[in-house]
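Spelled out from the first residue to the last, the chains are:
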Amino acid sequence: MVIIKDFLKNNSGLLDSLMRLIWKNAVIMVSVLMVILYRLQVINFVNREESAVIIFDVGQGDAILIQSDDTFGLVDGGPDGRIIYKLENYLHPWERDLRLVVLTHPHKDHMEGLFDVLERFEVQTVWVNAVEYPSPEWEYFLSADELIQVEHLTATYIGRCKVVVLNPIKRKFADETGSIDGGGLVGGGEKDLIIKSFDGNINNDSIVLGGKCLESKTAYGEFDFLLMGDAEVEIEEALIHEFPSLHTSVLKAGHHCSDTSNSYKFLSRVGPGIAVCSIGADNKFGHPSPEAIENFENLGIGYFVTSVSGDVAVEL
Ligand SMILES: [Zn+2]
């Protein structure tokens, strides 16, 4: 008979090693299990039967996934490579195709992560508004093959969702207000496609997208989601001028909920049920601005801030 106590005493070194081994393996196994459960939970979090728009928490920047019928579109890539982790958490490992990628404008907090996305995913088409902007990264981005210069009302489908370019606004309006200097094509050679900025503020050259996934919404200017990029109040004015009945259920609020966007007039006209501010915690810009939050509250618009809520997924 082996007296276990003696055995334990006599083999305390062995036992320690054994316990350490068991503990180490247990930690590894639990960690692996947690990762699997986390991924399953995240993947299953958004119902694949429904169309959805998912505003990722990527810190101070924008990255939004549109999902419909197992087809995906990505609007902006955030400030760094963390977008890859976000996509890999939401997509199944075999899902590597992005039907559409949109770069709203060439600021780093929207563009930087897209370099990794273009490298690691199969991207069919990239929509850009190829404005003049002195940046080596932007020049490099413009050398990609899949780029398409959008125009006002350029449209396509992501699954059941029709996405429509609302900004750049058509030249007609710009001419009427005299708020645009030039426009059209500039330069020569490879720069033929570079377009002059709307008003010199690159934020206002943001591609603004309206998305319509539900068949019930047929009215002109009525959208399920509106993604404002960093468009500011000048574009808000232009949009409600162009689309008098502009309306959306979900608003990816403009310019990280800065006070240069999200005017009371625009929000009251567009009437979102939910607004989302895509921002990093303790950012140096003071986003979200108290003015934007006050406007949401005064208008009874429910709002989320990604630095607090994390990713915000809205099924449509
Ligand atoms: Zn931005």
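Coordinates for the structure precede this section.
Residues numbered from 1 in each chain as written. Predicted model: local features only at pLDDT ≥ 70, side-chain atom pairs only at ≥ 80, totals over all residues.

J.: Just checking my understanding: could you explain the overall build of the chain for this structure?
T.: Summing up its helical and strand segments, the chain has 10 helices and 14 strands in all. Looking at the chain residue by residue over its 316 residues, the buried ones come to 40%. Pairs at least 24 residues apart make up 66% of the contacts formed inside the chain by residues separated by at least 6 positions. (Helix = DSSP H or I, 4+ residues; strand = E, 2+ residues; numbered from the N terminus. Buried ≥ 20, exposed ≤ 12 C-beta atoms within 10 Å, placed from the backbone. Contact = placed C-beta atoms within 7 Å.)

J.: Quick question: what am I supposed to make of the pairing of strand β12 (residues 274-277) here?
T.: Working note: regular strand, side chains alternate between the two faces of the sheet. Note that strand β11 (residues 247-252) and β12 share 3 bridges and pair parallel. Within the sheet, the bridge partner assigned to Lys 252 lies in β12 and is Val 276. On the question of chirality, the crossover connecting β11 to the parallel β12 by way of helix α8 (residues 264-270) is right-handed. When β12 meets strand β13 (residues 302-305), the two strands line up parallel, connected through 4 bridges. Bridging across to β13, Val 276 finds its partner in Phe 304. (Pairing = 2+ DSSP bridges. Right-handed = clockwise from strand over helix to strand, strands pointing away.)

J.: What is the right way to read unusual backbone geometry from this model?
T.: Note: most residues except glycine have negative phi, and most peptide bonds are trans. The residue after Asn 167, namely Pro 168, is reached through a cis peptide bond having omega 15°. Along the chain, Pro 168 turns up in the loop between β8 (161-167) and α6 (171-177). A cis amide bond links His 287 with the next residue in sequence, Pro 288, at an omega value of 0°. Structurally, the position occupied by Pro 288 is in the loop between β12 and α9 (290-298). Even without being glycine, His 255 reaches a positive phi, approximately 50°.

J.: Sorry if this is basic, but what is going on with the sheet that holds strand β4 (residues 97-102) here?
T.: Pairing between the strands of a sheet is mediated by backbone hydrogen bonds and can be parallel or antiparallel. Sheet architecture is open: 7 strands sit in the order β6-β5-β4-β3-β2-β1-β14, paired in mixed fashion. Taken across any chain shown, the strands that pair with only one partner, and hence form the sheet edges, are β6 (147-149) and β14 (312-315). Taken over all neighbouring pairs, the strand axes of this sheet differ in orientation by 20° on average, direction set aside. For strand β2 (residues 64-68) and strand β3 (residues 71-75), the ladder comprises 5 bridges, and the chain directions are antiparallel. Within the sheet, the bridge partner assigned to Ser 68 lies in β3 and is Thr 71. (Axes fitted to C-alpha atoms, helices over the stretch in contact; angles between N-to-C directions.)

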